[in-house]
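Below are the chains, spelled out letter by letter.
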Amino acid sequence: MDAPSAGSAFEDLIEALNDSTVTKFFNLPKLGGTKYDALPYSIRVLLEAAVRNCDGFLVKKEDVMNILDWKNKQNNVEVPFLPARVLLQDFTGIPAMVDFAAMREAVKTLGGDPKNVHPACPTDLTVDHSLQIDFSKCAIQNAPNPGGGDLQKTTSKLSPLKVQPRKVSCRGQTTCRGPCDTGELGRNSGKFSAQIENTPILCPFHLQPVPEPETVLKNQEVEFGRNRERLQFFKWSSKVFKNVTLIPPGTGMAHQVNLEYLSRVVFEGEDLFFPDSVVGTDSHITMVNGLGILGWGVGGIETEAVMLGLPVSLTLPEVVGCELIGSSSSLATSIDVVLGITKHLRQAGVAGKFVEFFGSGVPQLSVTDRTTIANMCPEYGAILSFFPVDNVTLKHLEHTGFDKEKLTSMEAYLKAVKLFRSDQSSSAEPEYSQIIQINLNSIIPSVSGPKRPQDRVAVSDMKSDFQACLNEKVGFKGFQIATEKQNDIVPIQYEGIEYKLSHGSVVIAAVISCTNNCNPSVMLAAGLLAKKAVEAGLQVKPYIRTSLSPGSGMVTHYLSSSGVLPYLSKLGFEVVGYGCSTCVGNTAPLPEAVLNAIKEGDLVACGVLSGNKNFEGRLCDCVRANYLASPPLVVAYAIAGTVNIDFQTEPLGTDLQGRNIYLHDIWPNREELHKVEEEHVIFSMFKELKEKMEKGNKRWNSLDAPDSVLFPWDSKSTYIRCPSFFDKLAKQPVSLQPIENAHVLLYLGDCVTTDHISPAGSIARSSAAAKYLTNRGLTPREFNSYGARRGNDAVMTRGTFANIKLLNKFIGKPAPKTLHFPSGQTLDVFEAAELYQREGIPLIILAGKKYGSGNSRDWAAKGPYLMGVKAVIAESYEKIHKDHLIGIGIAPLQFLPGESASSLGLSGREQFSLSFPEDLSPGVTLNVKTSTGKVFSVIASFENDVEITLYKHGGLLNYVARKFS
């Protein structure tokens, strides 16, 4: 079945906006009348996308009517969604762009014009979303470099590793009130002679520019050396593909850049207005819902599908209305509001649903507050949390540099299609699946932990709660420390000074990018608190691993222009770079003395971070207690050196005169914050940073990259490789081929997750991927990670099913092993699959319930496909993974209800055969015959004609390659 030509079936709804002869829009209220008015705002965006893209194939009239009838169809029907744009970050973006490059090769082979291969929608790609901290506090870390390569060798050609602090000229200022000596303001903060362009740091005394923080420069230089091949490929992609915008290194991470630079709110096509919407390969895409932009994170294959012009499929969701009333206390930060709302929503059970905010409390929240709340969706399980556009949104957009004429037309459009929320009574609100009311008055300063983000603890109860955790049995809250051991103290020597560690000692304190850095108020609060602390003579103990990893240069800009950044640096919170770091375990290793003390005393050491994930062992395997906190509280706990403190009654430390300094003495009030924010988070800052994004930096701009139509693949590269998806592609799809005498590669049980299947994390030295890299002359220090090598299918295929927790029933214990039945050998899964392929034997996988649950990962489907897996037979599937299997060309087959491999008496040692009818239809029953003579039935788990079409073509990539040819 082929798709019909493009063009909406609802063109009769198109009208001119404000009598314009050029700008038009789909007048949705005409479609549904009062039925439309009752729809939640987020569902109205889904409806508009369906109406605009209704072509009778990918999006049908029935889909439009189902969305319009949301009240009766929620949870009952699948609907397609074609977002306006796509956002890719580096690790998950590179395989998508590699596939597009390979598709150009395939199209040329088929006789087509490779120049026609481009993403079908605007695609934004950030290249430095993930950041490894090789340097912290301007000191070289002594642990093996997880990024690969000899650190000295990598950086020696770029800049010296040993530098001396130097004085910075005051540029003729005659009224300087203090020294501009960066060595005195920071820890070992000498500067490189070779500078990378970035947002300038300003002298706190007269706001004149001084060089970049050394740690940023060092980390950037190592990243450029480590990832040169990937960066060159990204740069080639930005040159040759239309609709691709590349965000250069040093600008910021994906979700932060998405919020600050890429969001349109309303798209202006050639002659059509429509709502901005986005999907992308990052869970924090949800942040943009605070701007009234519908968006969420999906898997790599789903993202590629959208880039190739296909919709995302989702079950029409319930929409929970969250009414906010009241106002929060003066001491509560936006992070307290976030944690409070997170707890309420998790308790209310909103997993898999949309959440939409309304009520008198909403106008009190700034857009940055809203985006912070929306960004916590992964922690309370909602698909997204939507704040419709209102007057607060428009003021924010004007403040950040949106063209006033565009804002006027945007407001007119949003009001015309009833996507603009005005100040209205609750009686005018849409209908919701359920309503939750949250009183902001009840929200007090809190942290979350010690092991889960939903376990909220009032700061006033922190000491008693931590002590209770020491007593409780090991579990989500408890550590079960013997009473007689709870007051143990272990002395350590660090830099010639003796310190004492105990249960609750803070050893990691990180102000990081995930959740908070989109909100200037909390970041400035941290800076002002640091300033007051330094002026009072307070310090952070040097063994604590402190770091500041902003989401973008915008944060660095307003922290420096407000004069607080040097004070953060003085306490050890130096800017280390822009990207995910501490929250994903990329923190610098703890000092050996600290590690030894933790082990010696079996101490419950603590990490405090301004992120959104704090599971045990995530930051560091020896740090058992981790607390999520607002940025100012991270700084406060770092100064205190322990979480076992009552801030109300116990001091943080003493000043130079020996007087006790309490938290309330240095906590900035809202008037201070408001004044600083008004003065320094200004329009010119946003304009300057947008120019920076467009101009790039010296290293990026001078990076050589080809501009040929086809990418010049380097056969020696271990990072970028042309994948073999198109190796046997013919111009026309062949008829569906039977699967004959297939062996079982793996016999798996219930709840096998994509983490068990997909390559992730470090590359084990004994793995098949390690052998591949070793054979190409790399040492273990140069292996880097699977994430960094996602552009090399040879590495990724070898890492598929390489998880040490994989439980294959053929082996009987967790191990990435399986049996090769013809020879009887026990081999790595990849090595067995490779043998089967040499022998021309097709493969299948037997599995239990919920196969492919967990995070959406494209290589969980791509890897098995390249191993030769033709089908999976499971009791049930996680839907996203099942869609990925179809998208790559693997048949998802399902045992009949109540049946399983075990109930059918299958050992997995049999060989399996089945065939597909030419008129394959969704849900058809197929017969499977085994080599023992047993015959059983399975369901072909296809849900619609689009999935059948993709499977007949051998997957999404083949389908689109043929269309381009």
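Keep in mind the model is a prediction, meaning the values are calculated, not measured.

Visitor: Describe in detail the overall build of the protein chain, supporting the description with residues and values.
Guide: Along the protein chain, the regular secondary structure elements total 35 helices and 38 strands. Counting all 965 residues of the protein chain, 62% fall into the buried class. Contacts in the protein chain between residues far apart in sequence, at least 24 positions, make up 74% of those at least 6 positions apart. Here the protein chain displays about 35900 Å² of accessible surface, and carbon together with sulfur accounts for 48% of that area.

Visitor: Before we move on, can you summarise the sheet that holds strand β38 (residues 935-940) with the specific residues and values?
Guide: Pairing between the strands of a sheet comes from backbone hydrogen bonds, and it takes one of two forms, parallel or antiparallel. Reading around the barrel, the seven strands line up as β30-β33-β34-β35-β38-β37-β36 and close back on themselves, with mixed pairing between neighbours. Going across the sheet, the axis of each strand differs from the next one's by a mean of 40°, ignoring polarity. In this sheet, β38 lies alongside strand β35 (residues 891-895) in antiparallel orientation, the contact comprising three bridges. What sits directly across from Gln 894, in β38, is Ile 939. Relative to strand β30 (residues 739-747), helix α31 (residues 829-838) is tilted by about 170°, and along the sheet it contacts β30 and β33 (843-846).

Visitor: Tell me about the sheet that holds strand β17 (residues 354-358), and name the residues and values.
Guide: The sheet built from four strands is open, its strands ordered β18-β17-β16-β19 with parallel pairing. On the outer flanks of this sheet lie β18 (384-386) and β19 (434-439), each paired with one strand and no other. Across this sheet, the average inter-strand angle for adjacent strands is 25°, counted without regard to direction. Relative to β17, strand β16 (residues 319-325) runs parallel, the two being bridged by five bridges. Within the sheet, the bridge partner assigned to Cys 322 lies in β17 and is Phe 357. Lying over the sheet, helix α3 (residues 41-52) contacts β16, β17 and β18, oriented at roughly 125° with respect to β17. Set on the sheet, helix α13 (residues 334-348) makes contact with β16, β17 and β19; between it and β19 the angle comes to about 150°.

Visitor: Could you give an account of the packing of helix α12 (residues 300-307) against helix α33 (residues 879-888), naming the residues involved and the relevant values?
Guide: Look at α12 against α33: their axes get within 9 Å of each other, and the N-to-C directions meet at 55°. By the angle between their directions, the pair α12 and α33 is classed as oblique. Taken as a pair, α12 and α33 cross one another with a handedness that is left-handed. Of the residues in α33, those touching α12 at Gly 300, Ile 301 and Glu 302 are Ile 880, His 884 and Ile 888. Looking at side-chain class alone, the contact of α12 with α33 contains three nonpolar, two polar and one charged residues.

Visitor: Go over the nonpolar core with me, naming the residues and quoting the values.
Guide: Ranked by size, the top nonpolar core spans 194 residues in total, and within it Phe 233, Leu 745, Phe 801, Tyr 851, Leu 893 and Phe 916 carry the most contacts. Among the elements that make up this core, the one with the highest residue count is helix α6 (residues 90-109) (10 residues). If we ignore the near neighbours within four places in the chain, the residues touching Phe 233 are Ile 94, Met 97, Val 98, Ala 101, Phe 711 and Ile 720. Within the second largest apolar cluster, 103 residues are counted, among which are Val 362, Ala 597, Tyr 627 and Ala 629.

Visitor: Requested: an account of the pattern of salt bridges, with residues and values cited.
Guide: It is possible for side chains of opposite charge to pair when their charged atoms get near one another. Scanning the model with the defined rule gives 34 salt bridges in all. Across the pair Arg 52 and Glu 48 runs a salt bridge whose closest N-O atoms are separated by 2.9 Å. A residue pair is termed a helical-turn pair when its members lie 3 or 4 positions apart in one helix, as Arg 52 and Glu 48 do in helix α3 at four residues. On the basis of relative accessible area, Arg 52 is assigned to the buried category, the value being 15%. The salt bridge involving Arg 838 is made with Glu 834; its shortest N-O contact spans 3.8 Å. Here Glu 834 and Arg 838 lie together in helix α31, a separation of four residues that amounts to about one turn. Here the residues in one salt-bridge network are Asp 99, Glu 304, Arg 790, Asp 858 and Lys 862, joined through shared partners.

Visitor: Break down the packing of aromatic side chains for me, with residues and values.
Guide: As enumerated under the stated definition, the model contains 26 aromatic pairs in all. Three or more aromatic residues joined by ring pairs make a cluster, and in this case those are Phe 100, Phe 233, Phe 234, Trp 236, Phe 241, Phe 711 and Trp 713. Across the ring face of Phe 274, the terminal group of Arg 52 is positioned such that the distance to the ring centre comes to 3.9 Å. One residue, Lys 415, lies across the ring of Phe 420, its end atom 5.0 Å from the ring centre.

Visitor: So what's going on with helix α22 (residues 592-601)? Which residues, and what values?
Guide: Regarding α22, the residues found buried are Val 594, Ala 597, Ile 598 and Gly 601. Seen end-on, α22 carries its buried residues on one side only, within an arc spanning 100°. Every exposed residue of α22 that faces more than 90 degrees away from the buried side is listed here: Glu 592, Lys 599 and Glu 600. Packed against the buried residues of α22 are β22 (489-494), β23 (497-502) and β24 (506-511).

Visitor: Quick one: what's the story with helix α19 (residues 520-535), residue by residue and with numbers?
Guide: Helix length check: α19 (16 residues) gives 22 Å between terminal C-alpha atoms against 22 Å at 1.5 Å per residue, within 8%. The buried fraction of α19 amounts to 12 of the 16 residues, a majority that puts the element mostly inside the structure. Along α19, the residues classified as buried are Pro 520, Ser 521, Val 522, Met 523, Leu 524, Ala 525, Ala 526, Gly 527, Leu 528, Leu 529, Ala 530 and Ala 533. Once α19 ends, the next one or two residues include Gly 537, with phi positive near 90°.

Visitor: Got a sec to walk through the confidence of the model for the protein chain? Specific residues and values, please.
Guide: This prediction gives the protein chain a mean pLDDT of 84; 84% of its residues lie at or above 70. Low pLDDT, under 50, characterises residues 1-6; the stretch is placed with eight contacts to residues that sit more than four places away or in other chains. For the stretch residues 137-212, pLDDT sits under 50, and the model shows 183 contacts to residues farther than four places along the chain or on other chains.

Visitor: Summarise the side chain of Ser 630; cite the residues concerned and give the values.
Guide: Topologically, Ser 630 is positioned in the loop between β27 (625-628) and α23 (631-640). The exposure class of Ser 630 is buried, given its relative accessible area of 1%. Every residue in contact with Ser 630, bar those within four places of it in the chain, is listed here: Thr 333, Ile 335 and Ser 610.

Visitor: Can you tell me about the pairing of β17, naming the residues and giving the values?
Guide: With five of five residues buried, β17 lies mostly within the body of the structure. Every second residue of β17 is oriented toward a common face, with Phe 354, Glu 356 and Phe 358 on one face and Val 355 and Phe 357 on the other, all of them buried. In terms of strand pairing, β17 meets β18 through three bridges, oriented parallel. Note on β18: the bridge partner recorded for Glu 356 is Phe 386.

Visitor: Please set out the environment of Thr 930 residue by residue, giving values where relevant.
Guide: With respect to the element layout, Thr 930 can be found in strand β37 (residues 925-930). Residues Thr 930 and Leu 906, 24 residues apart in the sequence, show an inter-C-alpha distance of 9.1 Å. Excluding residues that lie within four positions of it along the chain, Thr 930 makes contacts with Leu 906, Glu 910, Gln 911, Phe 912 and Phe 936.

Visitor: Please give an account of the environment of Asp 465 that cites residues and values.
Guide: You can see Asp 465 is positioned in helix α18 (residues 462-471). For the pair Asp 465 and Pro 450, spaced 15 residues apart in the sequence, the C-alpha separation amounts to 9.7 Å.

Visitor: With reference to specific residues and values, describe unusual backbone geometry.
Guide: Each neighbour pair has its own omega, and for Gly 449 with Pro 450 the value is 10°, a cis peptide bond. Mapped onto the elements of the fold, Pro 450 is located in the loop between β20 (446-448) and β21 (456-458). The backbone phi angle of Lys 418 is positive, close to 60°, even though this residue is not glycine. For Lys 418, the location among the structural elements is in the loop between α17 (404-416) and β19. Overall, Lys 418 belongs to the partly exposed group, its relative accessible area being 34%.

What counts and how
- Residues numbered from 1 in each chain as written.
- Predicted model: local features only at pLDDT ≥ 70, side-chain atom pairs only at ≥ 80, totals over all residues.
- Heavy atoms only, no water.
- Helix = DSSP H or I, 4+ residues; strand = E, 2+ residues; numbered from the N terminus.
- Buried < 20%, exposed > 50% of the residue type's maximum accessible area, 1.4 Å probe, protein only.
- Contact = heavy atoms within 4.5 Å.
- Areas by Shrake-Rupley, 256 points an atom, 1.4 Å probe, with all protein chains shown as cover.
- Pairing = 2+ DSSP bridges.
- Axes fitted to C-alpha atoms, helices over the stretch in contact; angles between N-to-C directions.
- Parallel < 35°, antiparallel > 145°, perpendicular 65-115°, else oblique.
- Left-handed = near helix turned anticlockwise from the far one by under 90°.
- Nonpolar A, V, L, I, M, F, W, Y, C, P; charged D, E, K, R; others polar.
- Core = buried A, V, L, I, M, F, W, Y, C linked by side-chain atoms within 4.5 Å.
- Salt bridge = Lys/Arg side-chain N within 4 Å of Asp/Glu carboxyl O.
- Phe/Tyr/Trp six-rings, centres within 6.5 Å; stacked < 30°, edge-to-face > 60°.
- Lys NZ or Arg CZ within 6 Å of the ring centre and 35° of its normal.
- Arc of directions from axis to C-beta.
- Expected span 1.5 Å × (residues − 1).
- pLDDT = per-residue confidence, 0-100.

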